[in-house]
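Each chain, written out:
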Amino acid sequence: MIALLLRDLRLATRAGGGFGLSLAFFLIVTVLVPFGVGPEGGTLARIAPGILWVGALLASLLSLDRIFALDHEDGSLDILVTAPIPLEGAVLVKAAAHWLVTGLPLTLAAPVLAVLLHLPGPGFFWMTVSLALGTPALSVIGTFGAALTVGLKRGGLLLSLLVLPLYIPTLIFGADCARRGAEGLTAGTPLLMLAGITLGALAILPFAAAAAIRANLR
Amino acid sequence: MVELGKYAGTVLGAYGVALGLILGLVWLTLWQGKRMRRRLEATERELGIDG
Amino acid sequence: MSIWEYANPKKFMQTSAWVLPWVTGLAFVTLVLGLTWGFFFTGDDYRQGSTVKIIFIHVPAALMAINAWLMMLVCSLIWLIRRHHVSALAAKAAAPVGVTMTLIALFTGAIWGQPMWGTWWAWDPRLTSFLILFLFYLGYIALWEAIEDPDTAADLTSVLCLVGSVFALLSRYAVNFWNQGLHQGASLSLAPGERMAMTFKLPLYVAMTGFVLLFVALVLIRTRTEIRARRLRALEARGRMG
């Protein structure tokens, strides 16, 4: 399983991998928003947590179809299904690899980009914590969506449509946690809910995703 | 005719949209059903099977 | 007769052919009765004026939008556990009906909200939940359409329906948390002596019955169509081989 993780990471960091793509997208969104909204600091500070969260969500959505598509094309997915490790575990590893190349860099980049959006001081900590807790859920949910659409030629649009409503609770609690943090309120409740979603998704969705892959490859 | 007062447009609009959608769905369902029955019957005749 | 690989579809076709005219007729009668009663023979609300009449469409549609998803959930479970083909096809058949009901609830709500709340759309928890439900329906239908092999499609959509149900519930709570909202409380409550006068309740119940029957009739017809489509596929496959 560790070998699988390392292999996925190597593939992603090579040229043409998903590594830079989502990060670049995140950068573009946060840089473009002030041009659209206007440079007024108060407005930007108010919407900064939401923008960063939506940007991170869309950025991780962008690279979802890569999770299984390449493995499906070159046949290594069939090998994974018949491999001695349980498919659920392999799915979890895939999600972890996706998180390491998208969620983790996004989390680390968010405080830097938050400066551009005038995020108030106490918001930085909560922003980072909420993204660190929430992006794993995004990766796991996305892996499930990717598993559903693995056999399809042009599954990208369908994948977004399937995953979008599933992302909503994570987005609500994550952005709310960051917003409350930025406004100096207590952010504990949404943070706990966010952690609950992440843990629940980690516990349940690998099984659903594995079932979907088995159905797809039958 | 029933007196709807100043909200006549609202009420009639809501009923209109809703009935339109329902009738559209009913029509679509019936049309699809009919077309599928025809196609199935044609294929059955071709292959010489009876239902 | 070997084409009907499973005894169930055949029996379903027989039973539904017998039941269908009754359900359709009853649905038509109750719908016409409930809606004309609601439209022509109820008074105006003292606050909402005549817009209160919209409730006779809005509430039953919203009810069926949720119940259709519940029915799909049950059918998906039956398919995953027992592998009854009719069950999977019924879930497929129910989705477009459910999405129409969701749309009706959203549209009538928006039209009603315009004069009452002064806006077409508010990010009120219930409205938002219905929007999310609408997205779930779209995704579910799109997944059915996208996959060629019917059994694979049934498997995947069932899994999506199960996971979607969990997340739909989650969204419901998340959205409540996110915005407290300005929606009316439950319109129908069992607590005595409040909420709604009997003059509104009775036609509303009739309209609700009508919507339920309409849903059943439409799902039956659509399931029959799906079964025929399945049979056509099998016949065509056999024709190509023979």
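Note that this is a predicted model, so its numbers are computed, not measured. Sequence positions are assigned chain by chain, starting from 1 and proceeding in written order. Chain letters start at A and ligand numbers start at 1, both assigned in the order the entries are written. Per-residue local features are limited, in this predicted model, to residues with pLDDT of at least 70; the limit for side-chain atom pairs, both in listing and counting, is 80 or more; totals at the level of whole chains, interfaces and linings are taken over all residues. With hydrogens and water set aside, each side-chain value is computed from the structure's full complement of heavy atoms.

Describing the overall build of chain C
Stage number 1. Working definition: helices are DSSP H or I runs of at least four residues, strands are E runs of at least two. Numbering for both runs from the N terminus. Of regular secondary structure, chain C possesses 6 helices and 0 strands.
Stage number 2. Along chain C, helices and strands appear, N-terminal first, in the series α-α-α-α-α-α.
Stage number 3. Within the span of chain C, comprising 242 residues, buried residues form 53% of the whole.
Stage number 4. For accessible areas, the Shrake-Rupley method is used with a probe of radius 1.4 Å. Any residue's cover is judged against the shown protein chains and nothing else. Looking at chain C as shown, the accessible area adds up to about 11,100 Å², and 68% of this sits on carbon and sulfur atoms. Type-normalised accessible area, obtained with a 1.4 Å probe on protein chains alone, sets the label of each residue: buried when under 20%, exposed when over 50%, and partly exposed for intermediate values.

Details of the overall build of chain A
Stage number 1. Secondary structure assignment for chain A yields 9 helices and 0 strands.
Stage number 2. Reading chain A from its N terminus to its C terminus gives the helix and strand order α-α-α-α-α-α-α-α-α.
Stage number 3. Projected onto its principal axes, the C-alpha positions of chain A cover 55 × 35 × 30 Å.
Stage number 4. Relative to its full complement of 218 residues, chain A shows a buried share of 52%.
Stage number 5. Sequence separation of at least 24 residues holds for 80% of the intrachain contacts in chain A that already meet a minimum separation of 6.
Stage number 6. Here chain A carries 12 positive and 10 negative side-chain charges, and the mean point of each set is 2 Å from the other. Residue contacts follow a heavy-atom distance rule, with two residues in contact if any of their heavy atoms lie within 4.5 Å. By the counting scheme adopted, Arg and Lys are positive, Glu and Asp are negative, and His together with the chain ends is not counted. For charged residues, the charge sits on one atom: NZ in Lys, CZ in Arg, CG in Asp, CD in Glu.

Side note on the arrangement of the chains
Stage number 1. The highest contact count of any of the 2 pairs of chains in contact belongs to chains B and C.
Stage number 2. Structurally, chain A and chain B remain out of contact, their C-alpha atoms never closer than 23 Å.

Digging into the interface of chain C and chain A
Interfaces are often sized by the accessible area lost when the parts come together.
Stage number 1. Contacts between the two partners involve 25 residues from chain C and, on the opposite side, 24 residues from chain A.
Stage number 2. Buried area: the sum, over both parts, of the accessible surface (1.4 Å probe) that disappears when the two are put together. Summing the contributions of chain C and of chain A, the shared interface buries around 2,200 Å²; its carbon and sulfur component is 85%.
Stage number 3. In terms of surface lost to chain A, no three residues of chain C exceed Leu156(C), Phe167(C) and Phe177(C), which account for 27% of the buried area on that side.
Stage number 4. The term salt bridge refers to a pairing of a side-chain nitrogen on Lys or Arg with a carboxyl oxygen on Asp or Glu at a separation within 4 Å. In this assembly, chain C and chain A are joined by 0 salt bridges.
Stage number 5. The term polar contact refers here to a pair of N or O atoms within 3.5 Å; inside protein, the definition further demands a hydrogen-donor-capable atom paired with an acceptor-capable atom, and it admits residues adjacent in sequence only when both atoms are side-chain atoms. At the junction of chain C and chain A, the tally comes to 0 residue pairs in polar contact (both at pLDDT 80 or more).
Stage number 6. Every element with two or more residues in the side of chain C that touches chain A is listed here: helix H4 (125-146) and helix H5 (150-178) of chain C.
Stage number 7. With 15 residues, the single largest contributor to the side of chain C that touches chain A is H5(C).
Stage number 8. Residue type decides the class: Asp, Glu, Lys and Arg count as charged, Ala, Val, Leu, Ile, Met, Phe, Trp, Tyr, Cys and Pro as nonpolar, and the leftover types, Gly among them, as polar. Here the side of chain C that touches chain A is composed, by residue class, of 19 nonpolar, 4 polar and 2 charged.

A few points about the packing of aromatic side chains
Stage number 1. In this scheme Phe, Tyr and Trp rings, the latter by its six-membered ring, pair at centre separations within 6.5 Å, and the angle between planes marks the pair as stacked below 30 degrees, edge-to-face above 60, and tilted otherwise. Taken as a whole and assessed by the stated rule, the structure comprises 10 aromatic pairs over all chains.
Stage number 2. Their ring planes at 70 degrees and their centres at 5.3 Å tell us that Phe125(A) and Trp126(A) sit as a pair that is edge-to-face.
Stage number 3. Judged by centre distance (4.8 Å) and plane angle (65 degrees), the ring pair of Tyr15(B) and Phe39(C) falls under edge-to-face. Of this pair, Tyr15(B) sits in helix H1 (residues 8-47) while Phe39(C) sits in helix H1 (residues 7-40), on two different chains.

As for the interface of chain C and chain B
Stage number 1. The interface of chain C with chain B comprises 40 residues on the first partner and 31 residues on the second.
Stage number 2. Carbon and sulfur atoms supply 78% of the area buried between chain C and chain B, which totals about 3,100 Å² over both sides.
Stage number 3. Among the residues of chain C in contact with chain B, Phe39(C), Arg228(C) and Leu232(C) are the three that bury the most area, contributing 19% of the side total.
Stage number 4. A salt bridge links Glu44(B) to Arg231(C); its shortest N-O distance comes to 2.4 Å.
Stage number 5. At the junction of chain C and chain B, the tally comes to 4 residue pairs in polar contact (both at pLDDT 80 or more).
Stage number 6. Listed by contribution, the elements that provide at least two residues to the side of chain C that touches chain B are H1, helix H2 (55-82), helix H3 (85-117) and helix H6 (198-241) of chain C.
Stage number 7. If one sorts the elements of the side of chain C that touches chain B by residue count, H6(C) sits on top with 14 residues.

Focus on the confidence of the model for chain C
Residues and elements named next belong to chain C.
Stage number 1. pLDDT: the predictor's confidence for each residue, scored from 0 to 100. The share of residues in chain C with pLDDT of 70 or more is 88%, and the mean pLDDT across the chain is 84.
Stage number 2. In the model of chain C, H1 stands out as the element of lowest mean pLDDT, 87, in contrast to H2, which has the highest, 92.
Stage number 3. Below a pLDDT of 50 lies the segment residues 189-194, which in the model reaches 3 contacts outside its immediate sequence neighbourhood of four places, other chains included.

Topic: the nonpolar core
Stage number 1. Phe26(A), Phe68(A), Phe144(A), Leu205(A) and Met72(C) are the most contacted members of the largest nonpolar core, which has 131 residues in total.
Stage number 2. No other element matches H2(C), which puts 13 residues into this core.
Stage number 3. Setting aside residues up to four positions removed in sequence, Phe26(A) forms contacts with Leu52(A), Gly55(A), Ala56(A), Ala59(A), Leu106(A), Ala109(A), Ala110(A) and Leu113(A). Take the buried Ala, Val, Leu, Ile, Met, Phe, Trp, Tyr and Cys residues and link them wherever side-chain atoms come within 4.5 Å; each set so joined is a nonpolar core.

Regarding the confidence of the model for chain A
Stage number 1. Across chain A, pLDDT averages 86, with 97% of residues at or above 70.
Stage number 2. Within chain A, helix H7 (residues 123-148) of chain A carries the highest mean pLDDT (91), whereas helix H1 (residues 2-13) of chain A carries the lowest (75).

Notes on unusual backbone geometry
Stage number 1. With a phi angle near 60 degrees, His118(A) is a residue other than glycine that sits in the positive phi range.
Stage number 2. One non-glycine residue, Arg83(C), lies in positive phi territory at about 60 degrees.

Re the environment of Trp123(C)
All names here are of chain C.
Stage number 1. Relative to the elements of secondary structure, Trp123 occurs in the loop between H3 and H4.
Stage number 2. When the C-alpha atoms of Trp123 and Lys10 are compared, they prove to be 47 Å apart, with 113 residues separating the residues in sequence.
Stage number 3. Apart from the residues within four sequence positions on either side, Trp123 is in contact with Thr128, Leu131, Trp178 and Asn179.

Overview of the pattern of salt bridges
Stage number 1. Scanning the model with the defined rule gives 9 salt bridges over all chains in all.
Stage number 2. Note that Arg83(C) and Asp155(C) form a salt bridge whose closest N and O atoms lie 2.6 Å from each other. Here Arg83(C), found in the loop between H2 and H3, pairs with Asp155(C), found in helix H5; they are 72 residues apart in sequence, far enough to count as distant.
Stage number 3. What makes Arg83(C) partly exposed here is its relative accessible area of 35%.
Stage number 4. Looking at Asp155(C), the relative accessible area reads 5%, which means it is buried.
Stage number 5. Through salt bridges that share partners, Asp176(A), Arg179(A), Arg180(A) and Glu183(A) make up one connected network.

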